[in-house]
Every structure is written in structure tokens, then in C-alpha cells.
Amino acid sequence: MEVRVQNIRKEFGRFPALNDVSLDIRSGELIALLGPSGSGKTTLLRLIAGLESPTEGTVYFGNEDASRKTVQQRNIGFVFQHYALFRHMTVLDNVSFGLTIRPSGRRPAKADIRKRALELLDLVQLSGLEKRYPAQLSGGQRQRVALARAMAVEPNVLLLDEPFGALDAQVRKELRRWLREIHDRTGHTTVFVTHDQDEALELADRVVVMSKGQIEQIGTPDEIYDTPNSPFVFGFIGESNILPVRVENGQLWIGDRSIGVSAQGEADGPGQLYFRPHDIELLDSSDGCITGLVTVTRRVAGTRHVELDIDAAHSKVEIELPPEKVTSDHSRIAFRPTRWKLFRD
Amino acid sequence: MALGVTLSWLILIILIPLSGLAWRSSALGWGTFWTLATDQRTVNALRISFGTAFAAALINVVFGVILAWVLVRYRFPGKRIIDAMVDLPFALPTAVAGIALTTLYAPNGWIGSLLAPLGIKIAFTPIGIVFALVFVGLPFVVRTVQPIMEEIDKEVEEAAATLGANRFQTISRVLLPGLAPAVLTGFALAFARGVGEYGSVIFIAGNLPYISEIAPLLIVIRLEEFNYPAATAIAAVMLIISFAMLLIINMIQAWSRRRYGYGS
Amino acid sequence: MAHDVTTTGTGNTELVRVATSESRFARYGLIGTALCFVALFLVLPLAAVFTEAMRNGPGEFLTVLSDPETFAAIELTLLVAVIAVPLNLVFGIAAAWAIAKFEFKGKAFLTTLIDLPFSVSPVISGLVFVLLFGSHSLLGPWLQSHGIQILFAVPGIVLATVFVTFPFVARELIPLMQEQGTSDEEAALSLGASGWQTFWYVTLPNIKWGLLYGVLLCNARAMGEFGAVSVVSGHIRGLTNTMPLQVEILYNEYNFVAAFAVATLLALLALVTLVLKSLLEMKYSEQIAASRRH
């Protein structure tokens, strides 16, 4: 189901957690809410669920105003970071819970509930464990039970709050891929919260980057990574370098030297040049480039990371070079960013 | 050294006296023991002690859980004082509690006089015993359940709500079953305390043989008659039943821990 | 993790109730029920003690308290507490030390043994000493021939009190010491401290608040114990009557004002205990053992 969040504001006491947030989630989409802690991503998720009420603004499920519905009426599926399984119930009872508590008019027959729960356990690859209790499962297994439980009620939208946050790295990666598979098979509209950019970029159809209660950028993983539209997104996603530069006659300058990067249409004045460590080319000439003194080099897997002192700009940058390119400390290197973005103060 | 001191002290103060009881009751011989234990007055006293303790522990489970819930979940004026007051039965000497409760619930007492016209009699009946045992047992339930309630993960309640459970369903099907081991422990502690309670009961009970005479009082009476065998037999029966019940409860808890990964 | 309910705010907030709270109606109902229960079973009895004692004015209250028999009862109660509490303090520490810091066979049995007085009726606690020292017992004749009086005298009262209050200090300390482990002590020993120095400078400071807590509860029970003491005391007026026993005697003589006057003193002791206990819990909750059960 399509979910629309319109001009939502949320205050806790007098602390604004969300400030005028709007977001359209398409039916069947897998969306990641990505941001540092305190960015409001979990609050947004809980507002969609109905676990919190907005101070202002509206949440639509389809064309229906859901803001006036309680969490129980919204028919959503919510997966918590710490699973929140009912520990006195078996796995099967946990998954069946949402259906068994329905009023008798809407409640499926007992056999049907059992059949549905078993199907879901099969889907999350936990067949045969239905009689276990949560305490007898591993963290990854528990989270899969939690997902099956949330899907059992045929939710309008599936909401996951840091679903892999409590798991160790290996299990995280496994479950990530597996969640994508499940999503592709079931087609539930899904929103998940994460502070892990790899998770967001790898898993989501679209990523919503949030900071300080606002949405910074919405886009596909490629758009977010390749064309960040704010210094925050550039800095938050992936590695990045920042150099103070000057615009003069459509050219970028550091100190008294043009760096060979044209900025047509930009007004003269200072600015910040953002570029990724791997988006550079080495140059032989010392004209139209950035030069720096090598301070540290590190070999990381398939690349060589080189830290440079850019004296002219009084700052440091890190660039990535192919491993066969050996640089000695205190040698001078000239390079030029191939893909970059200029942000004006 | 600490171990040696501890052991000798334990042996001196606890083990020797208690084994004295065991030795004395076994010295009675099975026949005598059986005759003494099945004496009608003894049987009635035991029945009254265990019955009233059971009833009081049940009442304490209901109100103790409500009280713990209110203390953990809600904010209201005087909450701190109420929380501290819950321990009053631990701190107030039982004799004082006994005469105070009697003053309240006797037919001419503060509350008793209000109930007397309605034909309700509390003091000097088994109901009075139950009231006294509710008093002494209350903190056991509250203090056992309260910390477990404080640890309830809010996410679990929210999970139930997102699955469509209304508040009543969440509490009755998710929260209370999760508290069951703690409640059971509290019940057992309150019950065990109630069975043995003496000071707060004897004033309010009326102490009519066969009707409102508790087992500990009958022990005292037999002692005053210098009927040591009878006193020993009653004590032995009380201990055996109490230990058996505690054993069963411990087993239930061990089972619950194994199964659900938690217990209390 | 207490999450109190706050339903403030405007707009939709009032329409959509927080998912983890009850309706206002249910909340007030539960609070009301709990308060009524507390009033009926805790507050009113306490109020009754003070009111009944003051029934005939403070003058008579003071007169009955200055009665020599009552005075003797107060003295005896204090004497018993002064002997029993330090004994259990020392042995409580020793027992907790042995259980928390050493591994040995039969530890579970020892723990059970320490807890035993809690699960035994106070009357039975008294009875065991009657059976041990009474005239019919093995020891009885021997004690009699040597002129040693234990039963119906102060030693018997002290013994019964020690038995009943044995677990308080140890139970407070065992979880506390277990949690702290042995690394601090090992560090001190490795630095050359002697066993006593280690105990005095390392162990004791770590457990002092829990210890105080245990002593407080131990003392309250020692002064207030009724059943066990009643069985071994013999109720000799002015000699073997503790305050709780004096309350019983006065009450059974229908001398209600006097009974409640003595009871007032005991109730004050209870209140002071509760206040100190709350203060300790507030200030040193982390250092006082997690087990709030007694």
C-alpha cells in the first residue's frame, strides 16, 4: 500500500524531533531511513506505525487519513531492534498471535491460522522450530520469527526499526540479503530504519537520508552516492574529502594556483570542494592540479590509501591509488578530482 | 577460616536445634506420630493454617500485582510514601500488627463497627486470620513482582499493539503470563510466611479450637501443657508440608527457566 | 525502565492514545484500588496504634510508659538486640564471605540452611530450643544440675532471636559480594596486604551500605520478634518479657492504652527503620544488593 507522510512535525516536550517532513512511499517499495542517531528516523517510523502521534501533519495509507487511527487499527507490521518476541509463547504462537487475538468475526479458523503461521515460518526458513521458545533460538533466528510474526497479519506496510542492529556482522550480512529476497517474493511495502549506510545502499530501492529532524535527500542508492545534494549527505555517505577553495572567473583556486577544475556559472567567492578519495586522477605536471605531501600510506585490501598534506589549503586529504603505485613518504603528488561537488558557504 | 566459623555457627544455631526436632519426632515412633498428627484438633488447626494462608496469598497476588503495577507505571502524589509503606509488614512487630488489626476489625472497632450492622464479622473468625495474613504477606508479592515489572521491555507491549492487540489483550495475554514466575514466587513466599505466622494472628483469630485455632498456636498450647510429643508432631507435619510445597514451586521454576529462559 | 504515562499535547495526540498505556478510566480505577488496599491494610493499622495509645491523652500515655515492668521490657529488648545483632553481623559477614568468595562442595546446601529460619514458623523456631534445653531434653538435666538456666531466661531469648534473625545480614551481603567477585581482594593480596588488611580496606568499604541495610532489617526483627521469643521466654513479668510480649500481656489484660503505648514505641521503631531503609535505597541503591526480597 502507498504511504504518504505530509508536513509532519513532532515535538517531545519542547524538543523538535521532526520538522516539516514529507515523504511519499510507493506501493511495494523497499525504503531505507538512514541517518545518525538523533536524526529522527526512528521517530518517523514510529509515527507511520501509530506508536507516536504527530504534533502536526498527516499520515495517509492509500487515500485514507491514518493519523486518526490507533496503532491497532492501522494494520501494520513492526519489527523491533531487540525482536520483542513473547518469551512465554512458542515460535508458532508468536507468529499466530496477531491472528488469534482478532475479534471472532475477522478471525480465521484455528487450522487456517496454524497453516498460515507454518507457511510463514517456512518462508523465513525456520520450519521445524515452531515448538521452540524464543530463549532457545539464536539472535538471527529470533529476528526472523519477529519478521514472520509481523507479516502474519498481512500488514499494509512493514516497518523495521534497526532490524539487524543487535546482530553480529556475519549474521547481519546474511539477513540483509535474505530480507531483500523475502521482499521481492512478498512485495510488501517496506520501510526500515538503519544507521548503517552499507545496509541502506545495498538493500533499499530508495534511501531517505535524514539529519536533525529533516530529510536531507531522497533518492536511489546510486543517486545518493554519486550526486549527494548537501554537504551533510556527502560527508555522511561514504568517504569524502573537503578542501577550502576559491572561485575566480569560472575556475577553482587553492591559494595562488588554479587546480584545473572549471566551475562555470559559479559566482566568485569562497567555497568547499567535496570529492571522494577514489574519484581522482594523478597528474605528472604541476600545473592545473592539487599538490600535496605524502604523510602516511596504508595498504587496505585492493587499494593504497595515501594521506596528503595540502599546504596551500592548510588541510589534509586522503586519496586512493592502485596498489602498484608506490609512493614514498614526504614525496610530492599532484592530482585532480574527476568527480566533485562545490558547496558555497 | 570464614568457612569454619560459618559452618560451626550454622551447625550450632540452626542445624542442631532443627535436627533436635527431627530426632524428637522420629523418637515418637510412627504409630504415636500418626495418632498425634491425625488428632482432630490438630488436623483442623493445620487445615485452618494452610487454608487461610492460601486464601491470603491469593488475595495478595491479586492486590499485590495491582499495587506493584500502579507503583511501577503511574505517577501520582504520595507514590514514594506508598512505596516505602509496602515494607511496613516487614518492619512492624507482628504483635503490634495483631492488636492494631484487631482494633480495626473487631465488631466494636473502626471498620468492624461499620460492618457489624450488615452482619459481617471479620475479627474472631477465620476471615480475621486471612486479613492478618494478607497484612504480613503483602510485601512478599509486591517486592517480588515489582523489579520484574520494571524490567518489562516496552517494545514487547508495542509489538502486541502493532499486531492489533488492545490494551486488555496485551496485559492479559502478553504481560501477565510473562510475570507468572515472579507472581508464583511471591505467592509461595507469602504462603510460607502465612502458614507459620503467629503474632499477628492470635489476637484477631478468636482462637476457638476446631474453628479459628491456627497450628502454631496449638503448638504453643501443647507446650504450655508440657505435651511435648504433640507439639513436636504438629511442628513436624507443618515443616514437611511447607518444604514439600516449596520444593514443588522450586521445581516449577526450574522448569520455567529451562523452557522460557527466565524465572524468578 | 519505568515509563510513566504522559498524554499531553494538542491535535491528534488525544485521539490516538499511546499504545502502551491504559485508558484514564482504567488508570484511575487501578490507582484507586491500590490506594484503598494500602489504606485498609497498611495505613489504618498504623494509625490505629497511635490513636489508641493517645486515647486518654498524652499524660496517661507517659504514665503507662514509666511503669517499671514496661521499663524492664524495654531494657530487655535493647539488651537482646545489642547481643543478637552484633553476633549476626559477624557471622553474616563470615557466611557471605565463605559463600561468595570460595568454591566448595555443599554450597547450595549451606545457602539453603542460611535461608531456613525465614521459612520456619517462629513458633517452631522457639520450639526447637525448648526441645533442646527443656527439662525433658538430653541437655536439660545436665544444665539443671550445673545451675545453668537457658530456657525461660535471657540466654534462651537471645538464642531464639539469633536464630530468627540469622539470615538478614548474610542474605543482603551474598549477592553483593558475589557481584563484586574476588579480583579486588586478589589485587590487594598481590600488593602485599594481609588477610585482615584486605578485608578492612578493600572488602568492607565495598559492602558497607549493604551491610548497614542488613543490620537495619536484622535489628527491626530482633526487637520485634514475637513468636519464637514467646515460646522460650516463660513470660515472667519484669524479667523475661520483651516489649512485644509486654504488648501481648497488657492487651490480654484489657489494659489497651498501655498495650498500645508500648506498641507505639515499636511502631516508631518500624517507621524509623522504613525511613532509613528508603534513604539507603535512594542513595546507595546500586551498592545495596539487587535482591529486594527478604
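In case you missed it, the structure is sitting above this.
As a starting point, this report considers the structure included with it.

## So, the environment of B:Leu239
Okay, step 1: One can find B:Leu239 in helix H13 (residues 228-260).
Okay, step 2: The buried category is assigned to B:Leu239, whose relative accessible area is 11%.
Okay, step 3: Along the backbone, B:Leu239 and B:Val62 are 177 residues apart, and their C-alpha atoms lie at a distance of 27 Å.
Okay, step 4: When neighbours within four sequence positions are excluded, B:Leu239 is seen to be in contact with B:Leu21, C:Val120 and C:Ile124.

## A look at the interface of chain B and chain C
Okay, step 1: With 91 residues of chain B in contact, the opposing surface of chain C contributes 87 residues.
Okay, step 2: Overall, the association of chain B and chain C removes approximately 8100 Å² of surface from exposure, summing both partners, and the carbon and sulfur fraction of that is 79%.
Okay, step 3: A per-residue breakdown of the area chain B buries against chain C is headed by B:Trp9, B:Tyr74 and B:Trp110, which together make up 8% of the total.
Okay, step 4: Where chain B touches chain C, the interface holds two salt bridges.
Okay, step 5: With its nearest N and O atoms 2.3 Å apart, the salt bridge here joins C:Lys277 to B:Asp87.
Okay, step 6: For the interface between chain B and chain C, the tally reads six residue pairs in polar contact (both at pLDDT 80 or more).
Okay, step 7: Here the side of chain B that touches chain C takes 16 residues from helix H1 (residues 2-27) of chain B, the largest share from any one element.
Okay, step 8: A breakdown of the residues in the side of chain B that touches chain C according to their chemical character gives 65 nonpolar, 12 polar and 14 charged.

## What about the interface of chain A and chain B?
Okay, step 1: Of the residues lining the interface, 26 residues belong to chain A; the matching set on chain B comes to 22 residues.
Okay, step 2: Where chain A abuts chain B, roughly 2100 Å² becomes buried across the two surfaces, and 61% of that area is made up of carbon and sulfur atoms.
Okay, step 3: Our count for the contact surface shared by chain A and chain B stands at one salt bridge.
Okay, step 4: Note that A:Arg46 and B:Glu158 form a salt bridge whose closest N and O atoms lie 2.6 Å from each other.
Okay, step 5: On inspection of chain A and its partner chain B, the count reaches five residue pairs in polar contact (both at pLDDT 80 or more).
Okay, step 6: The greatest single-element share of the side of chain A that touches chain B, amounting to three residues, is contributed by helix H3 (residues 91-100) of chain A.
Okay, step 7: A class-by-class count of the residues in the side of chain A that touches chain B yields 16 nonpolar, seven polar and three charged.

## Quick notes on a nonpolar patch on the surface
Okay, step 1: Together, B:Leu7, B:Ile11, B:Leu12, B:Leu15, B:Ile16 and C:Phe109 make up an exposed nonpolar region whose accessible area comes to about 510 Å².
Okay, step 2: Summarising the element assignment, B:Leu15 is placed in helix H1.
Okay, step 3: Given a relative accessible area of 31%, B:Leu15 falls into the partly exposed group.

## Considerations on the side chain of B:Ser200
Residue and element names in this part refer to chain B.
Okay, step 1: Locating Ser200 in the fold gives a position in helix H11 (residues 199-205).
Okay, step 2: Given a relative accessible area of 0%, Ser200 falls into the buried group.
Okay, step 3: Polar contacts involving the side chain of Ser200 include one to the side chain of Glu197, which spans 2.9 Å.
Okay, step 4: Leave out the neighbours within four places in its chain, and Ser200 touches Thr94, Ala97, Gly98, Ala132 and Val136.

## A word on the side chain of A:Ser96
Residues and elements named next belong to chain A.
Okay, step 1: On the secondary structure map, Ser96 appears in helix H3.
Okay, step 2: Among the polar contacts made by the side chain of Ser96, one reaches the main-chain carbonyl oxygen of Leu92 at a distance of 2.6 Å.
Okay, step 3: Residue contacts for Ser96: discarding those within four places in its chain leaves Ile113 and Ala117.

## A look at unusual backbone geometry
Okay, step 1: Its identity is not glycine, yet A:Lys212 carries a phi of approximately 50°, on the positive side.
Okay, step 2: Relative to the assigned elements, A:Lys212 resides in the loop between strand S9 (206-211) and strand S10 (214-219).
Okay, step 3: Overall, A:Lys212 belongs to the exposed group, its relative accessible area being 74%.
Okay, step 4: Backbone geometry at B:Phe226 places phi at a positive 60°, although glycine is not the residue there.
Okay, step 5: Along the chain, the position of B:Phe226 falls in the loop between helix H12 (215-224) and H13.

## With respect to the pattern of salt bridges
Okay, step 1: Within this structure, the stated rule accounts for 38 salt bridges over all chains.
Okay, step 2: Here A:Glu64 and A:Lys69 are joined by a salt bridge, their closest N and O atoms 3.2 Å apart.
Okay, step 3: Relative accessible area serves as the criterion here: at 24%, A:Lys69 is assigned to the partly exposed category.
Okay, step 4: B:Arg41 is the salt-bridge partner of B:Glu213, the closest N and O atoms lying 2.6 Å from each other. Here B:Glu213, found in the loop between H11 and H12, pairs with B:Arg41, found in helix H3 (residues 40-73); they are 172 residues apart in sequence, far enough to count as distant. Both residues of the pair, B:Glu213 and B:Arg41, count as buried.
Okay, step 5: Salt bridges linked by common partners bring A:Arg172, A:Arg176, A:Asp196, A:Glu199 and A:Glu202 together as one network.

Conventions used here
Residues numbered from 1 in each chain as written. Chains lettered and ligands numbered in written order. Predicted model: local features only at pLDDT ≥ 70, side-chain atom pairs only at ≥ 80, totals over all residues. Heavy atoms only, no water. Helix = DSSP H or I, 4+ residues; strand = E, 2+ residues; numbered from the N terminus. Buried < 20%, exposed > 50% of the residue type's maximum accessible area, 1.4 Å probe, protein only. Contact = heavy atoms within 4.5 Å. Buried area = accessible area lost by both parts, 1.4 Å probe. Salt bridge = Lys/Arg side-chain N within 4 Å of Asp/Glu carboxyl O. Polar contact = N/O pair within 3.5 Å; in protein donor to acceptor, adjacent residues only side chain to side chain. Nonpolar A, V, L, I, M, F, W, Y, C, P; charged D, E, K, R; others polar. Patch = residues over 30% accessible without salt bridge, like charges linked within 9 Å, V, L, I, M, F, W, Y side chains within 5 Å. Areas by Shrake-Rupley, 256 points an atom, 1.4 Å probe, with all protein chains shown as cover.

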